Amino acid sequence: MENERKKRILSGIQPTGTPTLGNYVGALKNWVDLQKEDKYECFYMIADLHSITVKQDPKVLRKNSLDLLALLLAAGLDGEKEPIFFQSHVPQHSQLGWVLDCYTYMGELSRMTQFKDKSAKHAENINAGLFTYPALMAADILLYQADMVPVGKDQKQHLEITRDLAKRFNGAYSDTFVVPEPYIPKVGANIMSLQDPMHKMSKSDTNENAYISVLDDPDRIMKKIKRAVTDSEACVRRGEGKEAVENLMTIYSVATGKTMEEIEKEFDGQGYGVFKEKVGEAVVEMLRPIQENYNEIMKNKDYLEKIYRDGAERARYVANKTVSKVYRKVGFIQP
Ligand code: TYM
């Protein structure tokens, strides 16, 4: 019965390069933890349709997509238990995306900070897909009747518009969609650039020292952390003007499970040299098992194919139910 089912989770990540420490801490780690809790039915998706809102080289996109699938499995997701799939393999995303486009106002879309940021960054390619991105993202979530969506803080605004769209549609046609809640971690929801603590860590940053990729080798990780900007106070604590140090403390907190208070105590009276060494080591240790698993999984392309084929089949089954319901409600003749 629909109302006796486990609560559902849906989340997605774009295949636009190797995920960063920010992606891992803000989202992927929680995807794994939530799946392990076994309280939810989890659908995890590689958002390839979304990725072409910014120009992609087809060869690179294909490689990034498969690499990302391997990485999600390496991070601990169980693709046999629950679906992990490519968005483009489930046509219902585009089908519901179109319907939701027709219920989303231009004014709402113009207020989206991601649209503003990306159009500033890609001024030569401000396309319609970039503008209507949030309606497709709402479709991703609403298709699966997801109760909860684990994301980093930068996706909060997209979750809000998704909730508005769900309520708008439900109001117009009777209950159709579950209104989803965002799941944003208390620590690590917004990991900042190592070179500029006012900007989020992003895999598209042109300065490689600004981010740690989850596949960076230990030497590279240590170097990047050592080069991270700090401040002139040489004191490991939070506070006004301490954003860069606080960002490193957050990373250390997630990697070790220690609270911010414990970290302040641990480094009381010590300079940034010792602190950075410890942060670097903790990050290396956190990422080590993922990197080892990744290299193993990449050797088995047949396994990857099995995971994404099965995943898409299971996703299509659930998504189709929602699209049929929506098409009926808006007044389309049943095929
Ligand atoms: P994407 O691919 O940019 O990022 C994937 C996830 O990583 C989180 N994240 C961060 N968290 C903390 N600190 C950071 N510096 C950081 N950078 C990224 C993001 O919040 C996200 O959770 N639009 C989405 C993909 C998407 C999606 C969806 C997500 C498509 N459909 C449906 C949820 C539900 C995106 O571009 O994520």
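Residues numbered from 1 in each chain as written. Predicted model: local features only at pLDDT ≥ 70, side-chain atom pairs only at ≥ 80, totals over all residues. Heavy atoms only, no water.

Remarks on the site of the ligand
Convention followed: Whether a residue is near a molecule or strand depends on its heavy atoms: if one lies within 4 Å, it is near. We call two N or O atoms a polar contact when they sit within 3.5 Å, provided that within protein one can donate a hydrogen and the other can accept it, with sequence-adjacent residues counted only if both atoms are side-chain atoms. Surface accessibility in these figures is a Shrake-Rupley result with a 1.4 Å probe; residues are shielded only by whichever protein chains are displayed. Strands here mean DSSP runs of E at least two residues long; helices mean DSSP runs of H or I at least four residues long; both are numbered from the N terminus. In this classification, Asp, Glu, Lys and Arg are treated as charged, Ala, Val, Leu, Ile, Met, Phe, Trp, Tyr, Cys and Pro as nonpolar, and every other residue, Gly included, as polar.
Contacts to the ligand come from 28 residues, most closely from Gln14, Tyr133, Asp140, Asp154 and Ile191. A distance of 2.6 Å separates a nitrogen atom of the ligand from a polar atom in the side chain of tyrosine 133. Aspartate 154 places a side-chain nitrogen or oxygen 2.4 Å from an oxygen atom of the ligand. The protein chains hide 97% of the 710 Å² of surface that the ligand would expose on its own. Those elements giving two or more residues to the shell around the ligand turn out to be β1 (7–13), α1 (21–37) and α7 (128–143). Looking at the shell around the ligand residue by residue, the classes come out as 13 nonpolar, 11 polar and four charged.

What to know about unusual backbone geometry
Put simply, the test is: A simple rule labels every residue: compare its accessible area, found with a 1.4 Å probe on the protein chains alone, to the largest value its type can have, and call it buried under 20%, exposed over 50%, or partly exposed in between.
Positioned with a positive phi, aspartate 38 is a non-glycine residue whose angle comes to about 70°. Note on placement: aspartate 38 falls in the loop between α1 and β2 (40–46). According to the relative accessible area criterion, aspartate 38 is partly exposed, its value standing at 40%. Unusually for a residue other than glycine, glutamine 145 sits at a positive phi of about 50°.

Quick word on the side chain of glutamine 35
We count it as follows: Residue contacts follow a heavy-atom distance rule, with two residues in contact if any of their heavy atoms lie within 4.5 Å.
For glutamine 35, the position within the fold is in helix α1. There is a polar contact of 2.8 Å between the side chain of glutamine 35 and the backbone nitrogen of aspartate 78. When residues no more than four places from it in sequence are discounted, the contact partners of glutamine 35 are Cys42, Tyr44, Gly76, Leu77, Asp78, Lys81 and Glu82.

Description of empty space enclosed by the protein
Worth spelling out the cut-off: Cavities and pockets are defined on a 1 Å grid built over the protein atoms alone: a cavity is a set of grid points where a 1.4 Å probe fits but cannot escape, while a pocket is an open set with protein on both sides within 12 Å along at least five of seven lines, and lining residues are those with an atom within 4 Å of any such point. Grid points are joined across faces, edges and corners, and a volume is the space filled by probe spheres set on the points.
Across all of its chains, the model carries two cavities of 30 Å³ or more by this definition. Roughly 40 Å³ of volume is contained in the largest cavity. Around the largest cavity sit Leu109, Met112, Gln114, Phe115, Leu130, Phe131, Tyr133, Pro134 and His158, which together line it. Among the elements of the structure, α6 (113–121) and α7 are those that each provide at least two residues to the lining of the largest cavity. Per-element tally for the lining of the largest cavity: the top contributor is α7, with four residues.

Digging into the environment of proline 218
Along the polypeptide, proline 218 turns up in helix α9 (residues 218–227). With 62 residues separating them in the primary sequence, proline 218 and glycine 280 have C-alpha atoms 8.2 Å apart.

A closer look at the pattern of salt bridges
Put simply, the test is: Salt bridges, as used here, are contacts in which a Lys or Arg side-chain nitrogen is within 4 Å of a carboxyl oxygen on Asp or Glu.
Scanning the entire structure with this criterion turns up 26 salt bridges. Glutamate 160 is paired through a salt bridge with lysine 156; the nearest N and O atoms lie 3.6 Å apart. Residue glutamate 160 and its partner lysine 156 are located together in helix α8 (residues 156–173), separated by four residues, close to a single helical turn. A relative accessible area of 38% means that lysine 156 is categorised as partly exposed. Between aspartate 216 and arginine 220 there is a salt bridge; the shortest N-O distance is 3.2 Å. Through salt bridges that share partners, Glu208, Asp216, Arg220 and Lys224 make up one connected network.

Let's talk about the packing of helix α3 (residues 58–74) against helix α13 (residues 301–330)
For the record, the criterion: Think of each axis as a best-fit line through the C-alpha atoms, taken over the contacting stretch in the case of a helix, with angles from 0 to 180 degrees between the N-to-C directions. Note on terminology: angles under 35 degrees are roughly parallel, angles over 145 are roughly antiparallel, angles of 65 to 115 are roughly perpendicular, and the others are oblique.
The interhelical angle for the contact between α3 and α13, taken along N-to-C directions, is 85°, at an axis separation of 11 Å. Between α3 and α13, the interaxial angle falls into the category roughly perpendicular. For the pair α3 and α13, the contacting residues are Leu66, Leu69, Ala70 and Leu73 in the first and Lys301, Tyr303, Leu304, Ile307 and Tyr308 in the second. Of the residues that constitute the contact of α3 with α13, the class distribution is eight nonpolar, no polar and one charged.

Description of the pairing of β2
Applied cut-off: Two strands pair under a simple rule: DSSP has to find at least two bridges between them. By definition, the crossover connecting two strands over a helix is right-handed if that path, from the first strand to the second, turns clockwise as seen with the strands pointing away from the viewer.
Along β2, six of the seven residues are buried, which leaves the element largely enclosed by surrounding structure. Taken together, the seven bridges between β1 and β2 define a ladder with parallel strand orientation. Residue pairing for β2: isoleucine 13 is matched across the bridge by isoleucine 46. Tracing the backbone out of β1, into α1 and back to the parallel element β2 gives a crossover that is right-handed. Two strands pair when backbone bridges link them, and β2 and strand β3 (residues 84–86) are joined in this way by three bridges, in the parallel orientation. Its bridge partner lying in β3, methionine 45 is registered against phenylalanine 85.

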